[in-house]
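# Report on the structure
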Amino acid sequence: MLPAKTTLVGGTGLFLITVSADIQKNGGRVSAVLDETPFCRRVPAPGLLAWNLTKFALGNAMLAWLRLTGTGMHYGTRIIEARGSDNLREVIAARVDPAGAVIPGSETAYRIDCLAVGFGFSANLELAQLAGCAVAFNAGLGGWVVKVNEDLETTVDGISAAGEITAIGGAAKSLIEGRLAGLSILRRMGLLKSGELTKEISILKQNRKRHMAFGRYFNAQYSFPSNTWPTGSAAYPTMCLFAAARK
Ligand SMILES: Cc1cc2nc3c(=O)[nH]c(=O)nc-3n(C[C@H](O)[C@H](O)[C@H](O)COP(=O)(O)OP(=O)(O)OC[C@H]3O[C@@H](n4cnc5c(N)ncnc54)[C@H](O)[C@@H]3O)c2cc1C
């Protein structure tokens, strides 16, 4: 469902590109993507790039397509004001310096009637918390996560966790963890003998590591310089919001 004919997308992180590409793919238009994080943070370490080549290739293809279809990409740019009475009419954005402070005089006005903003993901941990599983805050893993060991067992005996609740890292990581957790449960139940499926388990663990490494890179795109945000919210990814105002 398209929010509007033309949308301005802002916030932080790689997900802005995915959402913009989805909007365009479905017949909408994204006039610009305003990302607060500086472009330099996007550049992955060579090892990470080589390890996740397909993901980076897909991301860059999306980015190239957005550029070719006329979407402006602006890094180090913060939305500082949204104006309008009954509807959104205009959005003001400004450049930010590496410390996160707005650069005076760099403001630009966008006449637009739909604004989408996203600042990352946060997993719903309530079920695991109700079951008594320990949780921990780890910005690299995407914020609050359920603590698990390498077999995806939580701190509560007999309860395993898999997916975004152990770390924000994308759909493939969730699927891998689901299978790993399942196999570990079978082993505990005595239905998987020691030595059985060891090759598959070792490949799954290796792939999980690869996705976790990408997840750390992904989650690093959502942190802000601490002097520009209230204490406690610095480096804290918030749920992806979609605020649209239409005529
Ligand atoms: C718009 C969008 C686009 C995305 N695009 C991509 C992409 O291109 N590539 C990619 O890799 N990833 C993408 N993702 C992320 C991807 O969807 C997730 O990584 C994946 O779905 C995580 O799977 P999961 O099983 O861990 O969690 P989820 O799919 O979120 O499943 C968790 C389930 O638990 C349920 N649940 C949670 N709390 C409770 C509760 N208290 N009681 C009952 N049920 C509960 C939820 O309703 C949900 O059904 C995208 C996400 C969004 C939102």
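Everything quoted here is computed from the prediction, not taken from an experiment.

As a further point, take the environment of Phe15. Here Phe15 is to be found in helix 1 (residues 15–25). Phe15 sits 60 residues away from Tyr75 along the chain, and the two C-alpha atoms are 14 Å apart.

This paragraph deals with unusual backbone geometry. Although it is not a glycine, Leu152 sits at a positive phi angle of roughly 70°. Along the chain, Leu152 turns up in the loop between strand 9 (143–146) and helix 5 (171–188). A positive phi is found at Leu197, a non-glycine position, where the angle reads about 55°. Take Leu197: it is sitting in the loop between helix 5 and helix 6 (198–220). Residue classification places Leu197 among the partly exposed positions, given a relative accessible area of 36%.

Before going further, it helps to spend a moment on the nonpolar core. In this structure, Leu14, Phe56, Val146, Phe214, Tyr217 and Phe218 are the most contacted members of the largest nonpolar core, which totals 14 residues. With three residues, the single largest contributor to this core is helix 6. Filtering out sequence-adjacent residues up to four positions away, Phe214 remains in contact with Leu14, Leu48, Asn52, Lys55 and Phe56. Counting 12 residues, the second-largest nonpolar core is a separate cluster that includes Leu16, Ile17, Leu66 and Tyr75.

The next point concerns the packing of aromatic side chains. Inspection of every chain in the model, using the stated rule, returns nine aromatic pairs. Between the aromatic rings of Phe121 and Phe218, the centroid separation amounts to 6.2 Å while the plane-to-plane angle is 35°, which identifies the pairing as tilted. Of the two residues, Phe121 sits in the loop between strand 7 (115–118) and helix 4 (126–130) while Phe218 sits in helix 6, which places them 97 residues apart along the sequence. Overall, the relative accessible area of 13% leaves Phe218 in the buried class. A connected cluster of aromatic rings, assembled from ring pairs, spans Phe15, Phe56, Phe121, Phe214, Tyr217, Phe218 and Tyr222.

Across the protein chain, the average pLDDT comes to 89, with 90% of residues at 70 or higher. Across residues 226–247, where pLDDT falls below 50, the model places 52 contacts with residues more than four positions away in sequence or in other chains.

Our next topic: the sheet that holds strand 4 (residues 77–84). Reading across from one edge, 4-5-6 is the order of the three strands in this open sheet, with antiparallel pairing throughout. A strand with exactly one partner marks an edge of an open sheet, and here the two such strands are strand 4 and strand 6 (108–111). Here the strands of the sheet are splayed against their neighbours by 25° on average, with no regard to which way each runs. Pairing analysis gives four bridges linking strand 5 (residues 88–95) to strand 6, with the strands arranged antiparallel. Note on strand 6: the bridge partner recorded for Val91 is Tyr110.

The next thing to look at is the environment of Ser122. With respect to the secondary-structure elements, Ser122 resides in the loop between strand 7 and helix 4. The partly exposed category is assigned to Ser122, whose relative accessible area is 30%. Placed 45 residues apart in sequence, Ser122 and Ala167 show a C-alpha to C-alpha distance of 9.4 Å.

Quick look at the pattern of salt bridges now. Side chains that differ in sign of charge can pair as their charged atoms come close. Scanning all chains against the criterion turns up 14 salt bridges. Taking the shortest distance from any N to any O, the salt bridge between Arg83 and Glu81 comes out at 2.9 Å. With a closest N to O distance of 3.2 Å, Glu177 and Lys173 form a salt bridge. Of this pair, Glu177 and Lys173 both sit in helix 5, four residues apart, which is roughly one turn of that helix. In this pair, the class of Glu177 matches that of Lys173, namely buried. Each of Glu81, Arg83, Glu90 and Arg111 takes part in salt bridges that share partners, so that together they form one network.

Take the sheet that holds strand 2 (residues 29–35) next. With respect to topology, four strands assemble into an open sheet ordered 3-2-1-7, the strand pairing being parallel. Since the sheet does not close on itself, it has two edges, and those belong to strand 3 (72–75) and strand 7, each with one partner. Put simply, the sheet's adjacent strands are angled 15° from each other on average, direction ignored. As judged from the six bridges shared by strand 1 (residues 6–11) and strand 2, these two strands associate in the parallel manner.

Conventions we followed
- Residues numbered from 1 in each chain as written.
- Predicted model: local features only at pLDDT ≥ 70, side-chain atom pairs only at ≥ 80, totals over all residues.
- Heavy atoms only, no water.
- Helix = DSSP H or I, 4+ residues; strand = E, 2+ residues; numbered from the N terminus.
- Buried < 20%, exposed > 50% of the residue type's maximum accessible area, 1.4 Å probe, protein only.
- Core = buried A, V, L, I, M, F, W, Y, C linked by side-chain atoms within 4.5 Å.
- Contact = heavy atoms within 4.5 Å.
- Phe/Tyr/Trp six-rings, centres within 6.5 Å; stacked < 30°, edge-to-face > 60°.
- pLDDT = per-residue confidence, 0-100.
- Pairing = 2+ DSSP bridges.
- Axes fitted to C-alpha atoms, helices over the stretch in contact; angles between N-to-C directions.
- Salt bridge = Lys/Arg side-chain N within 4 Å of Asp/Glu carboxyl O.

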